[in-house]
Amino acid sequence: MTALNRVPSLMARAGTASALTLAAVGGSVIAPGFASEAAAATPASKALQVAASKKGSPYKWGATGPRRFDCSGLTLYSYKKAGKSLPRTAAQQYNKTRHISAGNRKAGDLVFFHSGSNVYHVGIYAGKGKIWHAPKTGDVVRLQKIWTKSVWYGRVK
């Protein structure tokens, strides 16, 4: 019996099981061209999910997680969990990324806030003009609309 022939009986036994569970039970890929969510996730989308999971974590200057963060500590932690390394500060992270235009930004890209040539803040682009970030002392990790046009975008390599 092929894996495709076993799908109906596996699905009946599994109920609402995930594709990963079904693949594990069947011992092979269920359908050609089918990719599980885990296999399809990019480092950028994983980093975005990690940042979002830290919603409400307190800001602490110099903190890199897992319970407290400053802005670049959140981006460093999120990308590290997604398998990518970043330097420590927002300015160093800007210098390490591939610079992209606002029109080419995607969810998971980094958003760098600057004054002149000085990068002073970073967050992770969530789409629809919003970022996940650790704003400032007394605040928490949260989703917020980008509040200025003085931003640059970078894609983690």
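Since we're looking at a predicted model, the values are computed, not measured.

(A) Layout of the environment of His 99. The residue His 99 is located in strand β1 (residues 98–100) in this model. Taking the C-alpha atoms as reference, His 99 lies 7.6 Å from Trp 152; in sequence the two are 53 residues apart. Excluding its chain neighbours within four sequence positions, the residues that come into contact with His 99 are Tyr 94, Tyr 153 and Gly 154.

(B) Representation of unusual backbone geometry within the structure. Pro 66 follows Gly 65 through a cis peptide bond whose omega is 5 degrees. Tracing the backbone through its elements, the reader meets Pro 66 in the loop between α4 (43–53) and α5 (71–81). Here Lys 128, not a glycine, exhibits a phi torsion of approximately 55 degrees, which is positive. Judged by relative accessible area, which is 82%, Lys 128 ranks as exposed.

(C) Representation of the nonpolar core in the model. If you look at the biggest cluster of nonpolar residues, it comprises 24 residues, and the most contacted ones within it are Phe 69, Tyr 79, Leu 110, Phe 112, Val 122 and Val 141. Looking at this core, the element that brings in the most residues is α4, giving five residues. If sequence neighbours within four positions are ignored, Val 122 has contacts with Cys 71, Ser 72, Thr 75, Ala 90, Gln 93, Leu 110, Val 111, Phe 112, Phe 113 and His 133. By size, the runner-up hydrophobic cluster in this structure holds eight residues, among which are Val 111, Tyr 125, Val 151 and Tyr 153.

(D) Structural view of the side chain of His 121. Relative to the assigned elements, His 121 resides in strand β3 (residues 118–127). A distance of 2.7 Å separates polar atoms of two side chains, one belonging to His 121 and the other to His 133. The residues touching His 121, leaving out its near neighbours within four places in the chain, are Cys 71, Ala 90, Val 111, Phe 112, Phe 113, His 133, Ala 134, Pro 135 and Trp 147.

(E) Summary view of the packing of aromatic side chains. One pass over the full model with this rule turns up five aromatic pairs. Seen from their ring centres, Tyr 125 and Tyr 153 are 6.3 Å apart, and the 85 degrees between their planes marks the pair as edge-to-face. Here Tyr 125 is found in strand β3, whereas its partner Tyr 153 is found in strand β6 (residues 151–155), with 28 residues between them in sequence. Across the pair, exposure class does not vary: Tyr 125 and Tyr 153 are buried alike. Through a chain of ring-to-ring contacts, three or more aromatic side chains come together here, namely Tyr 94, Phe 112 and Trp 152.

(F) Focus on the pattern of salt bridges. The full count for this structure, using the stated rule, is three salt bridges. With its nearest N and O atoms 2.8 Å apart, the salt bridge here joins Asp 109 to Arg 155. One end of the pair, Asp 109, is in the loop between β1 and β2 (110–115); the other, Arg 155, is in strand β6, with 46 residues separating them in the sequence. Note on Asp 109: relative accessible area 2%, which makes it buried. Residues Asp 139 and Arg 142 are paired through a salt bridge, measuring 3.0 Å at the closest nitrogen-oxygen approach. Taking relative accessible area as the criterion, Asp 139 reaches 15% and is therefore assigned buried.

Reading the values: rules and limits
Every chain's residues receive numbers from 1 upward, in the order its sequence appears when written. Since the coordinates come from a predicted model, pLDDT governs what is reported: local features require at least 70, and pairs of side-chain atoms require 80 or more to be given and counted, while whole-chain, interface and lining totals use all residues. Side-chain numbers come from the whole structure's heavy atoms, not from hydrogens or water. Helix and strand assignments follow DSSP, with helices taken as H or I runs no shorter than four residues and strands as E runs no shorter than two, numbered in order from the N terminus. We call two residues in contact when some of their heavy atoms are within 4.5 Å. Only protein chains enter the accessibility calculation, which uses a 1.4 Å probe; a residue whose area is less than 20% of its type maximum is buried, one above 50% is exposed, and one in between is partly exposed. For this analysis, a nonpolar core means a set of buried residues of the types Ala, Val, Leu, Ile, Met, Phe, Trp, Tyr and Cys, connected via side-chain atoms within 4.5 Å. Here a polar contact is taken to be a pair of N or O atoms separated by no more than 3.5 Å, where protein atoms must pair a possible hydrogen donor with a possible acceptor and residues adjacent in sequence count only if both atoms sit in side chains. In this analysis, rings of Phe, Tyr and Trp, with Trp reduced to its six-membered ring, are considered paired at centre separations within 6.5 Å, and the interplanar angle assigns stacked below 30 degrees, edge-to-face beyond 60, and tilted for intermediate values. By salt bridge we mean one thing: a side-chain nitrogen of Lys or Arg within 4 Å of a carboxyl oxygen of Asp or Glu.

By themselves these figures say nothing about function.
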